[in-house]
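The primary structure of each chain is shown beneath.
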Amino acid sequence: MRNAWFETVAEAQRRAKRRLPRSVYSALLAGSEAGVTYRDNTAAFGELGFAPRVGNLVAQRDLGTTVMGQDVALPVLISPTGVQAVDPDGEVAVARAAAARGVAMGLSSFASKPVEDVCATGAPVLFQMYWSGSRDEMSARMERARAAGCAGLIVTLDWSFSHCRDWGSPVIPEAMDLKAMLRFAPEVLARPSYLMTYARSGAVPDLTVPNMARRGEAAPTFFGAYGEWMQTPPATWDDIAWMRAQWGGPFMVKGIIRVDDAKEAVAAGATAISVSNHGGNNLDGTPATIRALPEIAAAVGDQVEVLLDGGIRRGSDVVKALALGARAVMIGRAYLWGLAANGQAGVENVLDILRAGVDSAVLALGHRSVRDLGPDDVVVPPGFTRRLGAPDPT
Ligand SMILES: Cc1cc2nc3c(=O)[nH]c(=O)nc-3n(C[C@H](O)[C@H](O)[C@H](O)COP(=O)(O)O)c2cc1C
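Predicted model, so just to flag it, every value in this text is computed and none were measured. (Residues numbered from 1 in each chain as written. Predicted model: local features only at pLDDT ≥ 70, side-chain atom pairs only at ≥ 80, totals over all residues.)

Focus on the overall build of the protein chain
Right, on to step 1. Per the secondary structure count, the protein chain includes 14 helices and twelve strands.
Right, on to step 2. Against the compact-globule benchmark of 21 Å for 394 residues, the protein chain has a radius of gyration of 20 Å, which places it among compact chains.
Right, on to step 3. The principal-axis extents of the C-alpha atoms in the protein chain amount to approximately 65 × 55 × 45 Å.
Right, on to step 4. For the protein chain, with 394 residues in total, the buried portion stands at 49%.
Right, on to step 5. For the protein chain, restricting intrachain contacts to residue pairs at least 6 apart in sequence, the fraction spanning at least 24 positions comes to 73%. (Helix = DSSP H or I, 4+ residues; strand = E, 2+ residues; numbered from the N terminus. Rg over C-alpha atoms; globule rule 2.2 N^0.38 Å. Buried ≥ 20, exposed ≤ 12 C-beta atoms within 10 Å, placed from the backbone. Contact = placed C-beta atoms within 7 Å.)

In structure tokens:
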């Protein structure tokens, strides 16, 4: 049998592409409009350089930190994503990997596994919500997450229902019924190892979102829940302050890309913010998150924990983000590709790649701890924070 271990996130992506049915791979790749933001999220990391040292390097480095009250072994968290149809164990496999590697996990309210099953793995879980439905419904979701043992809440604000992408969107069925199975059969039959994994599990890909229901109630379909969300008027900052008070524990606002919004999140009582553009899946033309980070960290970094997500593919990307003011980062596609390539072990593999890369960069930069990284460690080209990577001309 071929070695299931992979060396880089790029290889995990190649394997995910080979292993997943075309529509499922395309749903993971996502992106929006022309993909300018999607590409800029990764390209911008390539514009940053390092200023390594060679003397007095430190033999043992400490890569741990704390985020939202949780001790984590690595400054990397699992970002919340809906991972339907990638792996039969889905978010439970991801949570087991997070627990095994000592990192915390954001769990999407649009995930395919119940929050109770994910918390039972022992991973620290941060439940992620959108502003969707009535306050009563949102309170019930928070209550359910609290009862399950979630350590914190993430509210994601950067979604404005931008659905089109120039490379086409996959068809996602309402449910995996006979009609949908027949429709997707040619794609799935072309991916025998994916088919075998589901066949062995005895399950079919589940397209419901159990955490959008009250505990014990039937789970709505993805599209049913999405419809409710689309019809909900967007949250005001007062709504977010209400949510924060209602939750009462560690609270992250995800999707911040501007200094004024970062200040509003602090005023609403956030414990943490994530500088994020939803992985380039929302308003195309939003700059890479790493470009926005330094200004936001300078403005609110002493009042709130600043995280970043978007475009992290290497340990050195993590280190660049920390050097420019992040306390930790969150990863999305990187672990989804790992999950697609090799289930729980694939997610662990991705976390191990990032861990080794962080350690190597911290060694080269002459630090004892990830907490010692600073702006001196990176070379930032002129205009970096005001630029947007050139769109792909093809
Ligand atoms: C397939 C997919 C589904 C996602 N679903 C959610 C979600 O349900 N909630 C959320 O807050 N963010 C969601 N995100 C955004 C991620 O949490 C994260 O912000 C983004 O993936 C980071 O960029 P990266 O993929 O380049 O690491 C999703 C991203 C992807 C790619």
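Quick word on the packing of helix α4 (residues 90-101) against helix α14 (residues 333-364)
Right, on to step 1. Contact pair α4 / α14: the axes reach a minimum separation of 8 Å and the direction vectors enclose 15°. If you check the angle between α4 and α14, you find them roughly parallel. Here α4 runs over α14; the crossing is left-handed. Here A93, V94, R96, A97, A100 and R101 of α4 come into contact with α14, specifically with Y335, L339, G343, Q344, V347, E348 and L351.
Right, on to step 2. Residue classes in the contact of α4 with α14 are distributed as eight nonpolar, two polar and three charged. (Axes fitted to C-alpha atoms, helices over the stretch in contact; angles between N-to-C directions. Parallel < 35°, antiparallel > 145°, perpendicular 65-115°, else oblique. Left-handed = near helix turned anticlockwise from the far one by under 90°. Nonpolar A, V, L, I, M, F, W, Y, C, P; charged D, E, K, R; others polar.)

Points about the pairing of strand β6 (residues 125-129)
Right, on to step 1. Most of β6 sits inside the fold, with five of its five residues counted as buried.
Right, on to step 2. Alternating residues of β6 divide into V125, F127 and M129 and L126 and Q128, and every residue in both groups is buried.
Right, on to step 3. Pairing geometry for β6 and strand β7 (residues 152-156), over four bridges, is parallel. Across the sheet, the residue bridging to F127 is L153, located in β7.
Right, on to step 4. Crossover handedness for the path β6 to helix α6 (residues 135-148) to β7: right-handed. (Pairing = 2+ DSSP bridges. Right-handed = clockwise from strand over helix to strand, strands pointing away.)

Quick word on the site of the ligand
Right, on to step 1. In the vicinity of the ligand there are 24 residues, among which S79, S108, T156, G279 and G332 approach most closely.
Right, on to step 2. Tallied by class, the residues present in the shell around the ligand amount to seven nonpolar, 14 polar and three charged. (Near = placed C-beta within 6 Å.)

A closer look at unusual backbone geometry
Right, on to step 1. If you check the backbone angles, A30 has positive phi at about 50° while not being a glycine.
Right, on to step 2. Inspection of the secondary structure puts A30 in the loop between α2 (22-29) and α3 (36-47).
Right, on to step 3. For A30, a count of 20 C-beta atoms within 10 Å puts it in the buried group.
Right, on to step 4. If you check the backbone angles, M68 has positive phi at about 45° while not being a glycine.

A word on the pairing of strand β10 (residues 305-309)
Right, on to step 1. Within β10, five of the five residues are buried, leaving the element largely enclosed by the surrounding structure.
Right, on to step 2. Residues of β10 alternate between two faces, with E305, L307 and D309 on one and V306 and L308 on the opposite face, all of them buried.
Right, on to step 3. In this sheet, β10 lies alongside strand β9 (residues 272-275) in parallel orientation, the contact comprising four bridges. Residue pairing in the sheet places S274 in a bridge with L307 of β10.

Looking at the environment of L77
Right, on to step 1. Within the secondary structure, L77 is located in strand β4 (residues 76-78).
Right, on to step 2. Sequence separation between L77 and E11 is 66 residues, and the spatial gap between their C-alpha atoms is 21 Å.
Right, on to step 3. Among residues more than four places away in sequence, those in contact with L77 are V67, V103, A104, M105, G106, A328 and M330.

Brief notes about α6
Right, on to step 1. The end-to-end C-alpha distance of α6 is 20 Å, a good match for the 20 Å that 14 residues give at a rise of 1.5 Å each.
Right, on to step 2. Turning to α6, its buried residues number three or more, namely M138, R141, R144 and A145. Each buried residue of α6 sits inside an arc of 120° when the element is viewed along its axis, so together they form one side. Among the exposed residues of α6, those oriented more than 90 degrees off its buried face are R135, D136 and A147.
Right, on to step 3. Considering only its buried residues, α6 is in contact with α5 (115-119), β6, β7 and α10 (237-247).
Right, on to step 4. Looking at the residues trailing α6, positive phi occurs at G149, about 105°. (Expected span 1.5 Å × (residues − 1). Arc of directions from axis to C-beta.)

A short note on the packing of helix α11 (residues 259-267) against helix α12 (residues 289-300)
Right, on to step 1. Two elements in contact, α11 and α12, have axes whose closest approach is 9 Å; the angle formed by their N-to-C orientations is 35°. The handedness of the crossing between α11 and α12 is right-handed. Judged by residue contacts, V259, A262, K263 and V266 of α11 engage E295, I296, A299 and V300 from α12.
Right, on to step 2. Looking at the contact of α11 with α12 residue by residue, the classes come out as six nonpolar, no polar and two charged.

Details of the environment of L107
Right, on to step 1. The topology assignment puts L107 in strand β5 (residues 105-108).
Right, on to step 2. With 28 C-beta atoms counted inside 10 Å, the residue L107 sits in the buried group.
Right, on to step 3. The spatial distance from the C-alpha of L107 to the C-alpha of M129 is 8.8 Å, given a sequence separation of 22 residues.
Right, on to step 4. Those residues in contact with L107 that lie beyond four places of it in its chain are P80, E91, V115, V118, V125, F127 and Q128.

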